[in-house]
Amino acid sequence: MINKLSSLLNAANISLTDQQKQQLVGYVELLHKWNKAYNLTSVRDPQQMLVRHILDSVVVEPHLQGERFIDVGTGPGLPGIPLAIVRPQSHFTLLDSLGKRVRFLRQVQHELGLTNVTPVQSRVEEFPSEPPFDGVISRAFASLEDMLNWCHHLPSPEGRFYALKGVRPDDEISALPAGFTVEKIQPLQVPELDGERHLVVITRQ
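Residues numbered from 1 in each chain as written. Predicted model: local features only at pLDDT ≥ 70, side-chain atom pairs only at ≥ 80, totals over all residues. Heavy atoms only, no water.

Colleague: A description of the environment of arginine 52 should follow, citing residues and the corresponding values.
Modeller: As for its placement among the helices and strands, arginine 52 is situated in helix 3 (residues 46-58). Considering only alpha carbons, one finds arginine 52 and lysine 100, 48 residues apart in sequence, at a separation of 22 Å. Excluding residues within four positions of it along the chain, arginine 52 makes contact with Val43, Arg139 and Leu193. (Helix = DSSP H or I, 4+ residues; strand = E, 2+ residues; numbered from the N terminus. Contact = heavy atoms within 4.5 Å.)

Colleague: Could you give an account of the sheet that holds strand 5 (residues 155-165), with specific residues and numbers?
Modeller: Pairing in this open sheet of seven strands is mixed, and the strands run 3-2-1-4-5-7-6 from one edge to the other. The open sheet has two edge strands with one neighbour each: strand 3 (117-121) and strand 6 (180-187). Geometrically, the sheet is characterised by an average inter-axis angle of 20 degrees between neighbouring strands, direction not taken into account. Looking at chain direction, strand 2 (residues 91-96) and strand 3 are connected through five bridges and run parallel. Across the sheet, aspartate 96 pairs through a bridge with glutamine 121, a residue of strand 3. Packing against the sheet, helix 5 (residues 99-112) makes contact with strand 2 and strand 3, and its axis sits at approximately 160 degrees to strand 3. Along the sheet face, helix 6 (residues 144-151) touches strand 1 (68-72), strand 4 (133-139), strand 5, strand 6 and strand 7 (198-204) and points at about 150 degrees away from the line of strand 5. (Pairing = 2+ DSSP bridges. Axes fitted to C-alpha atoms, helices over the stretch in contact; angles between N-to-C directions.)

Colleague: Pulling in residues and values, what's your account of the packing of aromatic side chains?
Modeller: Throughout the structure, instances matching the rule amount to seven aromatic pairs. Look at tryptophan 34 and tyrosine 38: their rings are 4.9 Å apart centre to centre, the planes differ by 70 degrees, and that puts the pair in the edge-to-face class. Linking tryptophan 34 with tyrosine 38, this pair stays in helix 2 (residues 18-38), spanning four residues, or about one helical turn. Judged by its relative accessible area of 17%, tryptophan 34 is buried. Grouping aromatic residues by their ring pairs yields a cluster made of Tyr27, Trp34, Tyr38 and Phe104. (Phe/Tyr/Trp six-rings, centres within 6.5 Å; stacked < 30°, edge-to-face > 60°. Buried < 20%, exposed > 50% of the residue type's maximum accessible area, 1.4 Å probe, protein only.)

Colleague: Quick one: what's the story with helix 6, residue by residue and with numbers?
Modeller: All buried positions along helix 6 are accounted for by Leu144, Met147, Leu148 and Cys151. With its buried residues spanning 95 degrees around the axis, helix 6 presents them on a single face. Those residues of helix 6 that are buried lie in contact with strand 1, strand 4, strand 5, helix 7 (170-174), strand 6 and strand 7. (Arc of directions from axis to C-beta.)

Below you can see the structure in the form of structure tokens.
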């Protein structure tokens, strides 16, 4: 699996250490193992997980600004775990409301030796933001409007919202709540992935 990951990373022009690659593969192996009992993802094939979960997450890293991030509705740790592995200088709070997912994240944290993640079980609107975050990240979490309404208290005044989307969500962008503006819409290239991917970056006005 490490060879497959390396070829995908090369295709995406992403350079990682051998240890980072081992951690990413280790995460996929844990996800595959726990998925049988915990039903963490609909993707069953580890090779497909490399494309649809790992690469789909790490292509976002160059576009992140700051050091402290929160991944809301992280599920089994996506995109937070892969991002924490490829961005060890930053810290990621992994937020989910389901206890079984947070138990899995704590196991991943322990087995992979990740010191820059904090799994938390909480509803996002009830989670205090002290200190505030540089970035709020979501993937397949909610509409942009819901994300901003639920997470508006989490970033610092200069912080950003990063929403990982498929096709460009023009309908959602046109329905942004007052006080927010789109900073950029970044098309993402994910090797071997069918369909479009976009990163929508939103700031406060």
